[in-house]
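Fold and geometry: a report
Single-letter residue listing:
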There are 2 protein chains.
Amino acid sequence: MRRDVFQAIADPTRREIINLIAHKSLNLNAIAENFDMSRPAISQHIKVLTECGLVEITQQGRDRYCSIQFQKLAEVSKWVEQYRTFWTTKLDALEIHLSKET
Amino acid sequence: MRRDVFQAIADPTRREIINLIAHKSLNLNAIAENFDMSRPAISQHIKVLTECGLVEITQQGRDRYCSIQFQKLAEVSKWVEQYRTFWTTKLDALEIHLSKET
DNA sequence: TATATTTGTAAGCAATTACTTACGCAATTA
DNA sequence: TAATTGCGTAAGTAATTGCTTACAAATATA
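**Focus on the protein's contact with DNA strand D**
Of all residues adjacent to DNA strand D, which total 23 residues, the nearest are S38(A), G61(A), N27(B), N29(B) and P40(B). Broken down by secondary-structure element, the contributors of at least two residues to the surface near DNA strand D are α4 (39-51) of chain A together with α3 (28-32), α4 (39-51) and β3 (63-68) of chain B. For the surface near DNA strand D, the class distribution of residues is 6 nonpolar, 10 polar and 7 charged.

Structure, rendered in structure tokens:
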């Protein structure tokens, strides 16, 4: 089974989970409250996120707090940023083009 | 059917296609040559990429040249970069911590 | 100790994905 | 005009995904 960051962030629910716990670690129930979907469904999404290293779980009594591992998000950043030169170059060219017109 | 950039880049073959045509527009067969997979399979991947706006096709005789639409990649960049402050803050904290140790 | 709370996991299911082969069509070349 | 080239698409298939309900286990509370 392929389990990488790109596949993990492909699902909109999982991106929302990431957004929720980016600011504050939450336990599973607290996360699930935000969705119109069963708790096991959220549990399975969390599993995908932990398996690819995007989320880490800290057990505290019966609660399991989920927090983001930002280094993993940096992997995505690194991939997309390698193309930044391409699109900024094009934008620069467009700006030059526009400035010549005025 | 959901068809967004995140879902499109989830597949490793599609990410490789993006990489191939980032530097130079290529027609479908030229792209397919790089993969150990049938031409229709590549055609279907290209379809996903065009449907979400990541790739644009320019017909030229019987060739169809594929080129990246970098603005779409910028969407991914924008999403991931919103979390940059979080991970850089953490790294800064780590650096401060390390510098105090020495 | 009995009960409530937080959670993981199994089984089942419909939809989607990532391929394949087979075909047809349009543009080029011989 | 006939053959070749570049391509899209349909149909079929096995695997995966994203859910559900049902259940069990462990911790906390009454």
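**Points about the protein's contact with DNA strand C**
In the vicinity of DNA strand C there are 22 residues, among which N27(A), N29(A), P40(A), S38(B) and G61(B) approach most closely. Mapped onto the surface near DNA strand C, the elements with two or more residues apiece are α3 (28-32), α4 and β3 (63-68) of chain A together with α4 of chain B. Among the elements that line the surface near DNA strand C, the one with the most residues is α4(A), at 4 residues. Counted by class, the surface near DNA strand C contains 6 nonpolar, 8 polar and 8 charged residues.

**Describing the environment of S25(B)**
Residues and elements named next belong to chain B. Mapped onto the elements of the fold, S25 is located in the loop between α2 (12-23) and β1 (26-27). Sequence separation between S25 and T58 is 33 residues, and the spatial gap between their C-alpha atoms is 9.4 Å. Discounting chain neighbours no more than four positions away, the residues touching S25 are Y65, C66 and S67.

**Structural notes on the interface of chain B and chain A**
A common way to state how big an interface is: give the accessible area lost once the parts meet. Between chain B and chain A, the contact holds 18 residues from the first and 18 residues from the second. Those elements giving two or more residues to the side of chain B that touches chain A turn out to be α1 (5-8), α5 (70-81) and α6 (84-101) of chain B.

**Description of the relation of the copies chain B and chain A**
Mapping chain B onto chain A calls for a rotation angle of 180 degrees and an axial translation of 0.0 Å; the resulting RMSD is 0.0 Å. The relationship between the two copies is best expressed as a two-fold rotation axis. Interface overlap between copies: 100% of the residues of chain B at the interface are likewise at the interface in chain A, consistent with a symmetric, same-surface contact.

**A short note on the environment of N19(B)**
Structurally, the position occupied by N19(B) is in helix α2. In the structure, N19(B) is positioned 12 residues away from Q7(B) in sequence and 17 Å away in space, judged by C-alpha atoms.

**Some words on the nonpolar core**
L54(A) and L54(B) are the most contacted members of the largest nonpolar core, which has 40 residues in total. Excluding residues that lie within four positions of it along the chain, L54(A) makes contacts with V5(A), A8(A), I18(A), L49(A), I68(A), Q69(A) and K72(A).

**Remarks on the pairing of β3(A)**
Residues and elements named next belong to chain A. Direction of pairing for strand β1 (residues 26-27) relative to β3: antiparallel, over a ladder of 2 bridges. In the sheet register, L26 faces β3, and the bridge partner there is C66. Relative to β3, strand β2 (residues 55-60) runs antiparallel, the two being bridged by 6 bridges. Directly across from V55, in β3, lies its bridge partner I68.

**A few points about the sheet that holds β3(B)**
Residues and elements named next belong to chain B. Pairing is antiparallel across the open sheet formed by 3 strands, whose spatial order is β1-β3-β2. Every interior strand has two partners, whereas the edge strands, β1 and β2 (55-60), have only one. Along the sheet face, α2 touches β1 and β3 and points at about 95 degrees away from the line of β3.

Definitions and limits used
- For every chain, the first residue of the written sequence is number 1, and numbering continues from 1 onward in sequence order.
- All chains are assigned letters beginning with A, and all ligands numbers beginning with 1, in the order in which they are written.
- Owing to the predicted nature of the model, reporting of local features is limited to residues with pLDDT of at least 70; listing and counting of side-chain atom pairs is limited to 80 or more, with chain, interface and lining totals taken over all residues.
- Near, for a residue, is defined by distance from a backbone-placed C-beta atom to a molecule or strand, with 6 Å as the limit that must not be exceeded.
- Labels follow the DSSP assignment, with helices taken as runs of H or I lasting at least four residues and strands as runs of E lasting at least two, numbered in each case from the N terminus.
- The residue classification treats Ala, Val, Leu, Ile, Met, Phe, Trp, Tyr, Cys and Pro as nonpolar and Asp, Glu, Lys and Arg as charged. All others, Gly included, are polar.
- Residues are treated as contacting if the C-beta atoms built from their backbones sit within 7 Å of each other.
- Superposing the copies works by least squares over the C-alpha atoms of residues that have pLDDT at least 70 in both of them.
- Any set of buried Ala, Val, Leu, Ile, Met, Phe, Trp, Tyr and Cys residues joined through C-beta atoms within 7 Å is what this text calls a nonpolar core.
- The exposure scheme places C-beta atoms from the backbone and then counts, for each residue, the other C-beta atoms within 10 Å of its own, assigning buried at 20 or more, exposed at 12 or fewer, and partly exposed in between.
- Each pair of strands is called paired provided DSSP finds at least two bridges between the two strands.
- To define axes, lines are fitted to C-alpha atoms, for helices over the stretch in contact only, and angles between the resulting N-to-C directions are given on a 0 to 180 degree scale.

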